[in-house]
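# Structural characterization, general
Each chain is listed here by its residues.
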Amino acid sequence: NSWSRDGTRIVGEVQGPVGGLLMHTVGTRTFERLLDFGEWPVFLPDDRHVLFVAGGNAFHVLDTKTKEPPKRVYSVTRDVIGPPRLARDGSAMYYSRRVTEADIWLVSLR
């Protein structure tokens, strides 16, 4: 899903019964499971941290060096948030947001 700026690593999501985030190191041709959850990962400009969506309603940041539990940086309650896209310098993030709402109308037919 996202290349590191230096072109040495790719971070992506795995779908299926055992989903999560993986990181591939190009030079060594190795894969490393980062988490067993998450989707739409993108490297932050420092090439160390990865921003991703979890549960469809929260953004988290993972440190790929320390592997400490990811930190939730933003969440919503009713909405579904989509894939993050970062400005090249990391100064802005763009994402989609979907809110499902409905009205119930009662009509009397005569």
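Further up the page is the structure itself.
These numbers come from a predicted model, not from an experiment.

If you tally the helices and strands in the protein chain, you get zero helices and twelve strands. What you see in the protein chain, going N to C, is helices and strands ordered as β-β-β-β-β-β-β-β-β-β-β-β. A compact globule built from 110 residues should have a C-alpha radius of gyration of about 13 Å, whereas the protein chain, at 18 Å, is more than 25% larger. Each principal axis of the C-alpha distribution contributes one length, and for the protein chain these read about 75 × 35 × 20 Å. When burial is assessed residue by residue, the protein chain has 31% of its 110 residues classed as buried. Of the contacts formed within the protein chain by residues at least 6 apart in sequence, a portion of 28% connects residues at least 24 apart. Carbon and sulfur atoms provide 52% of the accessible area of the protein chain, an area that totals close to 7,700 Å². Each charge class in the protein chain can be summarised by its mean position, and for the 15 positive and 13 negative side chains these summaries are 1 Å apart.

The next point concerns the pairing of strand β6 (residues 49–54). Taking burial as the measure, the six residues of β6 include five buried ones, the bulk of the element. Direction of pairing for strand β5 (residues 39–43) relative to β6: antiparallel, over a ladder of three bridges. Looking at β6, one finds that E39 is bridged to V53. Connecting β5 to the antiparallel partner β6 that follows it, the hairpin turn spans five residues, and D47 within it adopts a positive phi of roughly 60 degrees. Sheet topology note: the β6/strand β7 (residues 58–63) ladder contains six bridges and is antiparallel. Across the sheet, V53 pairs through a bridge with F59, a residue of β7.

Strands belonging to one sheet form pairs held by backbone hydrogen bonds; the direction of such a pair is parallel or antiparallel. Strands sit in the order β5-β6-β7-β8 across an open sheet of four strands; the sheet is antiparallel. Across the chains shown, the open sheet's two edge strands, defined by having one partner strand only, are β5 and β8 (71–75). Geometrically, the sheet is characterised by an average inter-axis angle of 25 degrees between neighbouring strands, direction not taken into account. Sheet analysis places β7 next to β8, joined by four bridges and oriented antiparallel. Among the inter-strand pairings, F59 is bridged to a residue of β8, identified as Y74.

Cut-off values and rules
Residues numbered from 1 in each chain as written. Predicted model: local features only at pLDDT ≥ 70, side-chain atom pairs only at ≥ 80, totals over all residues. Heavy atoms only, no water. Helix = DSSP H or I, 4+ residues; strand = E, 2+ residues; numbered from the N terminus. Rg over C-alpha atoms; globule rule 2.2 N^0.38 Å. Buried < 20%, exposed > 50% of the residue type's maximum accessible area, 1.4 Å probe, protein only. Contact = heavy atoms within 4.5 Å. Areas by Shrake-Rupley, 256 points an atom, 1.4 Å probe, with all protein chains shown as cover. Lys, Arg positive; Asp, Glu negative; His and termini not counted. Charge placed at Lys NZ, Arg CZ, Asp CG, Glu CD. Pairing = 2+ DSSP bridges. Axes fitted to C-alpha atoms, helices over the stretch in contact; angles between N-to-C directions.

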